[in-house]
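Summary of the model geometry
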Number of protein chains: 2
Amino acid sequence: MEGLTVELRRGPHVESRHVVHAVVADPSGAVVRSWGDPDRLTHPRSAVKPLQALPLVETGAADAFGLGSVELAMACASHNGEPGHVSTVETWLARIGCTVDDLECGTERAHLDQDPAATAARNNCSGKHVGFLTVARHLGVDTAGYIRADHPVQELVRAALAETTRTALDPAEAGTDGCGIPVHPMPLHAIATAAAGFGSPSEWAEARAHAAHRLAAAMVAQPWYVAGTGRLCTDLLTAGGGDVIVKVGAEGVQLVALPRLGLGVAIKAEDGSVPASEVALGHVLAELEGADRADVFDSRRRITNHVGTHVADLRVAAAT
Amino acid sequence: MEGLTVELRRGPHVESRHVVHAVVADPSGAVVRSWGDPDRLTHPRSAVKPLQALPLVETGAADAFGLGSVELAMACASHNGEPGHVSTVETWLARIGCTVDDLECGTERAHLDQDPAATAARNNCSGKHVGFLTVARHLGVDTAGYIRADHPVQELVRAALAETTRTALDPAEAGTDGCGIPVHPMPLHAIATAAAGFGSPSEWAEARAHAAHRLAAAMVAQPWYVAGTGRLCTDLLTAGGGDVIVKVGAEGVQLVALPRLGLGVAIKAEDGSVPASEVALGHVLAELEGADRADVFDSRRRITNHVGTHVADLRVAAAT
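What counts, and at which threshold
Residues numbered from 1 in each chain as written. Chains lettered and ligands numbered in written order. Predicted model: local features only at pLDDT ≥ 70, side-chain atom pairs only at ≥ 80, totals over all residues. Heavy atoms only, no water. Pairing = 2+ DSSP bridges. Helix = DSSP H or I, 4+ residues; strand = E, 2+ residues; numbered from the N terminus. Axes fitted to C-alpha atoms, helices over the stretch in contact; angles between N-to-C directions. Left-handed = near helix turned anticlockwise from the far one by under 90°. Contact = heavy atoms within 4.5 Å. Nonpolar A, V, L, I, M, F, W, Y, C, P; charged D, E, K, R; others polar. Least-squares fit on C-alpha atoms with pLDDT ≥ 70 in both. Core = buried A, V, L, I, M, F, W, Y, C linked by side-chain atoms within 4.5 Å. Buried < 20%, exposed > 50% of the residue type's maximum accessible area, 1.4 Å probe, protein only.

**Here's the deal with the pairing of strand S3 (residues 31–35) of chain B**
Residues and elements named next belong to chain B. Looking at chain direction, strand S2 (residues 13–25) and S3 are connected through 4 bridges and run antiparallel. Looking at S3, one finds that Val23 is bridged to Ser34. Where S2 hands over to S3, the hairpin turn is made up of 5 residues, of which Gly29 adopts a positive phi near 100°.

Structure, rendered in structure tokens:
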């Protein structure tokens, strides 16, 4: 299968092998470059959280509740559920007159195994969900059921996704995400097109372009709130200084806006491997930016064991 | 690529796709059946822990220190580091006059993130390592450096691996495992041959055959100590009642002995996915045993989200 072949080598031999699709588009939807299949049908999952957060700003909800860059970054986040993430969500919930009981995202099994008292505020999607609740409050509609496809909040979210990806989203084709909201499969190039628009929204309507600027600026200003300690999104947003707006999603999907270049990138690991998608992104960025961001990617390409010995390498071995 | 194609479907569409190699051999090394590439060079990692534990029994070390089925199961384990696993390792270390400071496996980053006081006893390989220390004590050699290829313990382990897999192991080809010991790449069919012998060791020398019986019986008697709560090895050893001796390894490798059928199975996910390797194993076992072990595998084929909604399926879509 064509694409970026990412190999895990241990000693002199290949241990595992991944194939990763990547596509680069401009805001008009033109595909500038691709590896693998640019039409690969892809469930973008959490990679499109920055697009799903557009209604939070566009509707005026963010301003009505006085949200700052920390809250806007968290609306776009897949966070680690570290104490600072959880307390931010709890304070924000209180500000809109809600509690953790209003969150419909559930609590991850892994968090409950560590701490039986963990709440849905610790769910990696809790920032997105309190964002949805904020929109519901601002619209004056019932908050219950805000994750359902026919709720006014999800209708706004679906419209923002359809318009920015330039894709007709058929509810009959939708699946359900880990946190309960609808997830719409789309060609990989459509995600790259929306990413390009998010970073360079001059073709978007004024209110949406303004919302994209606010959200992108918040992600760059508060990278820890987008993911957390040790995570690629946090490290790359920090290193990128506004040149790279990146958001990971489950099953090896990455959405990247490159405002300086006026381009968007979408990545999908055929097998869903997040580490392989990260290393592939390093390769794509080096090609587009003309320089390797070694400070961010070397630690992801070089695998060390539990005592710190370098035991394996995860690298792009072929690019077609 | 040929093999077992394992698809993750969300809604009506494929989200991710894996290719898994599987091979079935008898104790003589004859390949009875295969999917994908039976010669696929494979780092068996933790899947061969039951073979690496053979010297513990063969040398008389296990009897000299009065080890029971719990300790022997842990010598073959990749455990969760739950409190019962950790306390067993600590008690065993004391019995041989060692402490956690003698373990050279390191402590996993994930455990330290949860608990900065976590020791190497919590490492998933700690049972294997205290087994190695027990052999060193019994031989009367220095325990320090027991993970090195030229230490007498690792020389015994390498000989057991080479003989049971019927493979010449070249130290120049070796890599280093996550826990610091050498890991030897070998064709997948060689792992299946050793698995068959482990479950049906009538062709093995008497002391080794006895050791295999003891270790297999311990794994069946104490399945929780082989892995832990919610893990495939524990669930399948429990359900199998001695008909299925299974051990997972990193990067999607499975070693399975089927004593009733006189066969061994080795599995390797091309991309290293453990969930895909588990679902593939369910398919292979159903083919060989003529019945689906739905009680063990249904929960692994049916993916639910954080609120318990069935959102996706992980299934074998093609077998070539």
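**Quick notes on the packing of helix H13 (residues 274–289) of chain B against helix H14 (residues 294–301) of chain B**
Residue and element names in this part refer to chain B. Orientation of H13 relative to H14, taken along the N-to-C sense of each, is 145°, at an axis distance of 9 Å. Taken as a pair, H13 and H14 cross one another with a handedness that is left-handed. In contact with Glu278, Val279, Leu281, Gly282 and Leu285 of H13, H14 contributes Phe297, Arg300 and Arg301. Within the contact of H13 with H14, the residues separate by chemical class into 4 nonpolar, 1 polar and 3 charged.

**Remarks on the relation of the copies chain A and chain B**
Of the transformation placing chain A onto chain B, the axial shift is 0.0 Å and the rotation is 180°, giving an RMSD of 0.0 Å. Accordingly, the operation relating the two chain copies is best matched by a two-fold axis. It is A:Asp271 whose C-alpha, among those of chain A, lies nearest the rotation axis, at 3.5 Å. Most of the interface of chain A is mirrored in chain B, where 100% of its interface residues are also at the interface.

**Some details on the nonpolar core**
In terms of nonpolar packing, the biggest core is built from 99 residues, with A:Leu51, A:Leu56, A:Leu103, A:Phe198, A:Leu236, A:Leu281 and A:Val284 touching the most fellow members. Once you skip the residues sitting within four places of it in the chain, A:Leu281 turns out to touch A:Leu232, A:Leu236, A:Val246, A:Gln254, A:Val256, A:Ile267 and A:Phe297. Grouped together as the second largest cluster of nonpolar side chains are 97 residues, B:Leu93, B:Cys125, B:Trp204 and B:Val284 included.

**Description of the pairing of strand S9 (residues 253–258) of chain B**
Looking along a regular strand, one sees side chains alternate from face to face of the sheet. Residue and element names in this part refer to chain B. Counting buried residues in S9 gives 6 out of 6 residues, a clear majority hidden from the surface. Here strand S8 (residues 245–249) pairs with S9 via 5 bridges, running antiparallel. Among the inter-strand pairings, Ile245 is bridged to a residue of S9, identified as Ala257. The hairpin turn running from S8 into S9, its antiparallel successor, is 3 residues long, and Glu251 in that turn takes a positive phi close to 60°. Hairpin connection from S9 to strand S10 (residues 263–269): 4 residues lie between these consecutive antiparallel strands, with Gly262 at a positive phi of about 65°.

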